[in-house]
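What follows is each chain in one-letter form.
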Amino acid sequence: MIDVCLLGTGGMMPLPYRALTSLMLRYDGSSFLVDCGEATQISVRRRGWSFNPIDVIFITHFHADHISGLPGMLLAMGNAERTEPVTIVGPKGIEHVVRSLCVIAPRLPFELKFIELNSELDEEVFEIKGLRVKAFKVNHNMLCYGYSFELDRAGKFDAEAAKALELPVQYWNRLQKGEIVEYEGKTYTSDMVMGPARKGLKITYTTDTRPTDKIVEEASGADLFICEGMYGEKDEESISKAKDKKHMTMYEAAEIAKKAQPKEMWLTHYSPSMIKPEQYMDEVRKIFSRAVVSKDRRTLELNFEED
């Protein structure tokens, strides 16, 4: 199970009724934060979630509306009695940028660790706190990444196959966990008792970008695709803004979803000038019917499919 909360849905600046775009995931006792604009911690408080379990913070890029809230967030985590190290993942230069911001938060009660993404690579995959994470480049006016989070699911345990091996029951659990078991001169591996891997869970998050084939690839088969839809108007001025500033319209996001076919798409990162994004959703859903106009703190519990 993964809990998902889109803490804020705004782009550029926080508004009285709309926080800046930030995402929080919870899995197996750990929390993961993606982006941290001004006052993100307020939205965490309003959702009723805790700062203490935030183990990893992912930054998409270094524009202020995605990172300027980090010192306040780290201080809030310290005030929540966090003492374990916190890992921050982001583009090249992430440690320098964060250390500079944290001049105003110099005495944190926990260590900061950094994973700097390799700017020479289009994508990187790594395991962290039980999730497989892929960082992939998108097309913004500065180096920017999208992130996919995946939770694998093992195949079904075959008790009859285990019995046929004549291996004592106390060893079965180790095989289920993928361990190799040595017993009476024989070697036993998990594939002897486990069926093929089952469908896991996948969340893809991308914002501040023009449409790319890579986003389609990453969102393909996702249980949840979270994508910016900064502009809803179809006039030439809005389309020109999206292209010039390397952002996306709601309709372009829907076209990506139409190709990728995620189970659901949440739109986010609305322009401050977009007062009521829901007014555009009839047209958006003509392109992709499972599109949702997100509001701050929209939450979803993702579970494995029933067998």
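Conventions we followed
Sequence order as written defines the numbering, with residues in each chain counted from 1. With the structure being a predicted model, the display of local features is reserved for residues of pLDDT at least 70 and the display and counting of side-chain atom pairs for 80 or more, all residues being used for whole-chain, interface and lining totals. Computation of side-chain values: all heavy atoms of the structure, hydrogens and water removed. When a carboxyl oxygen of Asp or Glu is within 4 Å of a side-chain nitrogen of Lys or Arg, the pair counts as a salt bridge. Working definition: helices are DSSP H or I runs of at least four residues, strands are E runs of at least two. Numbering for both runs from the N terminus. The cut-offs for exposure are 20% and 50% of the maximum accessible area for each residue type, with area from a 1.4 Å probe on protein chains only; residues under the lower value are buried, those over the upper are exposed, and the others partly exposed. Paired strands are those between which DSSP finds at least two bridges. The axes are straight lines fitted to the C-alpha atoms, using for helices just the contacting stretch, and the angles between their N-to-C directions are given from 0 to 180°. Throughout, nonpolar core names a set of buried Ala, Val, Leu, Ile, Met, Phe, Trp, Tyr and Cys residues whose side chains join them through atoms within 4.5 Å. Note on contacts: a residue pair is in contact if any heavy atoms of the two residues lie within 4.5 Å. Ring geometry is summarised as follows: Phe, Tyr and Trp rings, the Trp one being its six-membered ring, pair when their centres sit within 6.5 Å, and such pairs are stacked at plane angles under 30 degrees, edge-to-face over 60 and tilted between the two. Distance and angle both matter: a charge sits over a ring if NZ of Lys or CZ of Arg is within 6 Å of the ring centre and within 35 degrees of the ring normal.

Participant: Would you explain the pattern of salt bridges in this entry?
Facilitator: Here the idea is simple: oppositely charged side chains can pair when their charged atoms come close. Per the counting criterion, the structure on display carries 19 salt bridges. With a shortest N-O distance of 3.7 Å, Glu-123 and Lys-134 are connected by a salt bridge. Of the two residues, Glu-123 is situated in strand E7 (residues 123–128) and Lys-134 in strand E8 (residues 131–137); the sequence distance between them amounts to 11 residues. For Glu-123, a relative accessible area of 33% gives the class partly exposed. Note that Asp-152 and Arg-132 form a salt bridge whose closest N and O atoms lie 2.4 Å from each other. Pair noted here: Asp-152 is in strand E9 (residues 145–153) and Arg-132 is in strand E8, with a separation of 20 residues, a long-range link. Beyond isolated ion pairs, a larger network of salt bridges with shared partners links Glu-123, Lys-134, Lys-214, Glu-217 and Glu-218.

Participant: Sorry if this is basic, but what is going on with the sheet that holds E7 here?
Facilitator: Strand pairs in the sheet, formed through backbone hydrogen bonds, run parallel or antiparallel to each other. Read across the open sheet, the seven strands follow the order E7-E8-E9-E12-E13-E14-E15; overall the sheet is mixed. Of all the strands in the sheet, just E7 and strand E15 (291–293) have a single pairing partner and so form its edges. For this sheet, the mean inter-axis angle between neighbouring strands, taken without regard to orientation, is 20 degrees. Bridge count between strand E12 (residues 198–206) and strand E13 (residues 224–228): four bridges; the pairing is parallel. Looking at E13, one finds that Thr-206 is bridged to Cys-227.

Participant: Sorry, what's going on with the nonpolar core here?
Facilitator: For soluble globular proteins, nonpolar side chains are generally found buried alongside one another. In this structure, Ile-2, Val-4, Phe-58 and Tyr-147 are the most contacted members of the largest nonpolar core, which totals 29 residues. Counting residues per element, this core draws most heavily on E9, which supplies four residues. Dropping the residues within four chain positions of it, Phe-58 is found in contact with Phe-32, Leu-33, Val-34, Asp-35, Val-89, Phe-126, Ile-128, Val-133, Tyr-147 and Phe-149. Judged by nonpolar contacts, the second largest core, of 27 residues, contains Cys-5, Ile-88, Ala-105 and Leu-112.

Participant: Teacher, can you tell me more about the side chain of Ser-43 here?
Facilitator: By the secondary structure assignment, Ser-43 is in helix H1 (residues 40–47). Ser-43 has contacts with Leu-7 and Arg-297, leaving out every residue within four places of it along the chain.

Participant: Hey, could you run me through the packing of aromatic side chains in this one?
Facilitator: To describe a pair of aromatic rings, one takes the distance between the centres and the angle between the planes. Going through the model one piece at a time under the given rule, you end up with four aromatic pairs. Ring centres 5.2 Å apart and planes at 80 degrees place the aromatic pair Phe-58 and Phe-149 in the edge-to-face group. Remark: Phe-149 occurs in strand E9 and Phe-58 occurs in strand E4 (residues 54–58); sequence separation between them is 91 residues. Phe-149 carries the same exposure label as Phe-58, and that label is buried. An aromatic cluster is built from Phe-58, Tyr-147 and Phe-149, whose rings are joined through pairwise contacts. Between the NZ or CZ atom of Arg-26 and the centre of the ring of Trp-49, over which it lies, the distance is 3.9 Å. The cationic tip of Lys-234 hangs over the ring face of Tyr-251; the distance from NZ or CZ to the ring centre is 4.7 Å.

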